[in-house]
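Take a look at the letters that make up each chain.
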Amino acid sequence: FARAGMGEEAVRLGRRLSRRLAPLDPMQAARANLNLGNALIWQDRYREAQQAYSRAIDHVPTDFERAAVLLGRST
């Protein structure tokens, strides 16, 4: 959504997915937070992106995704 110019839709979906997945599947919630962070970066909302990446860092399942979170946080 964010890349298609639908940033608010991307943020709403990412937040909803993250919140609902957190108690069920922390890894999938982390992936949602990674994507949420990326959507926020596309909108220059860096402080909010930092929070999303911080929620993702401890639960992403692969080194690749961890690297993506760290890259996003460094932005």
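Residues numbered from 1 in each chain as written. Predicted model: local features only at pLDDT ≥ 70, side-chain atom pairs only at ≥ 80, totals over all residues. Heavy atoms only, no water.

**Digging into the packing of helix H2 (residues 26–42) against helix H3 (residues 46–56)**
Where we set the bar: Lines are fitted to the C-alpha atoms to define the axes, a helix being fitted only along its stretch in contact, and any angle between axes, read from their N-to-C directions, falls within 0 to 180 degrees. Per the convention used, a helix needs a DSSP run of H or I reaching at least four residues, while a strand needs a run of E reaching at least two, with both numbered from the N terminus. By the definition adopted for this analysis, an angle is roughly parallel if under 35 degrees, roughly antiparallel if over 145, roughly perpendicular if from 65 to 115, and oblique otherwise. Left-handed describes a crossing in which the near helix is turned anticlockwise from the far one by less than a right angle; the clockwise case is right-handed. A contact between two residues is defined here by any heavy atoms of the two lying within 4.5 Å.
H3 packs onto H2 with a crossing angle of 165° between their chain directions and a minimal axis gap of 8 Å. Considering their axes alone, H2 and H3 lie roughly antiparallel with respect to each other. Pair H2 / H3 crosses with left-handed handedness. Within the contact between the two elements, H2 uses Ala-30, Asn-33, Leu-34, Leu-36, Gly-37, Asn-38, Leu-40 and Ile-41 and H3 uses Tyr-46, Glu-48, Ala-49, Ala-52, Tyr-53, Arg-55 and Ala-56.

**Observations regarding the layout of surface pockets**
Heads up, the rule is: For cavity detection a 1 Å grid was placed over the protein atoms alone, and a set of points counts as a cavity when a 1.4 Å probe fits there but cannot get out; an open set counts as a pocket when protein lies on both sides within 12 Å along at least five of seven lines, with lining residues being those that have an atom within 4 Å of a point. Grid points are joined across faces, edges and corners, and a volume is the space filled by probe spheres set on the points. Residue classes follow a fixed rule: Ala, Val, Leu, Ile, Met, Phe, Trp, Tyr, Cys and Pro count as nonpolar, while Asp, Glu, Lys and Arg count as charged, and any other residue, Gly among them, counts as polar.
Roughly 290 Å³ of volume is contained in the largest pocket. Around the largest pocket sit 13 residues that line it, and Ala-2, Arg-3, Asn-35, Asn-38 and Ala-39 are the ones nearest its centre. Looking at the lining of the largest pocket element by element, the count peaks at six residues for H2. For the lining of the largest pocket, the per-class residue count stands at nine nonpolar, three polar and one charged.

**Observations concerning the pattern of salt bridges**
The test is simple: The term salt bridge refers to a pairing of a side-chain nitrogen on Lys or Arg with a carboxyl oxygen on Asp or Glu at a separation within 4 Å. For the exposure calls, accessible area comes from a 1.4 Å probe over protein chains only, and a residue counts as buried if that area is under 20% of its type's maximum, exposed if over 50%, partly exposed in between.
Following the criterion strictly, the structure yields four salt bridges and no others. Salt-bridge contacts for Glu-65 lead to Arg-31; the nearest nitrogen and oxygen are separated by 2.6 Å. Placement of Glu-65 in helix H4 (residues 63–74) and of Arg-31 in helix H2 is noted, with a sequence separation of 34 residues between them. In this structure Glu-65 comes out as buried when scored by relative accessible area, which is 12%. Taken together, the shared-partner salt bridges in this structure form one network comprising Glu-8, Arg-15, Arg-45 and Glu-48.

**Structural notes on the packing of H2 against H4**
Close contact between H2 and H4 brings their axes to 10 Å; oriented N to C, the two are set at 30°. Between H2 and H4 lies a crossing whose hand is left-handed. Of H4, the residues touching H2 (which contributes Arg-31, Leu-34 and Ile-41) are Glu-65, Ala-68, Val-69 and Gly-72.

Interpretation note: all reported values are geometric properties and have no functional meaning in isolation.
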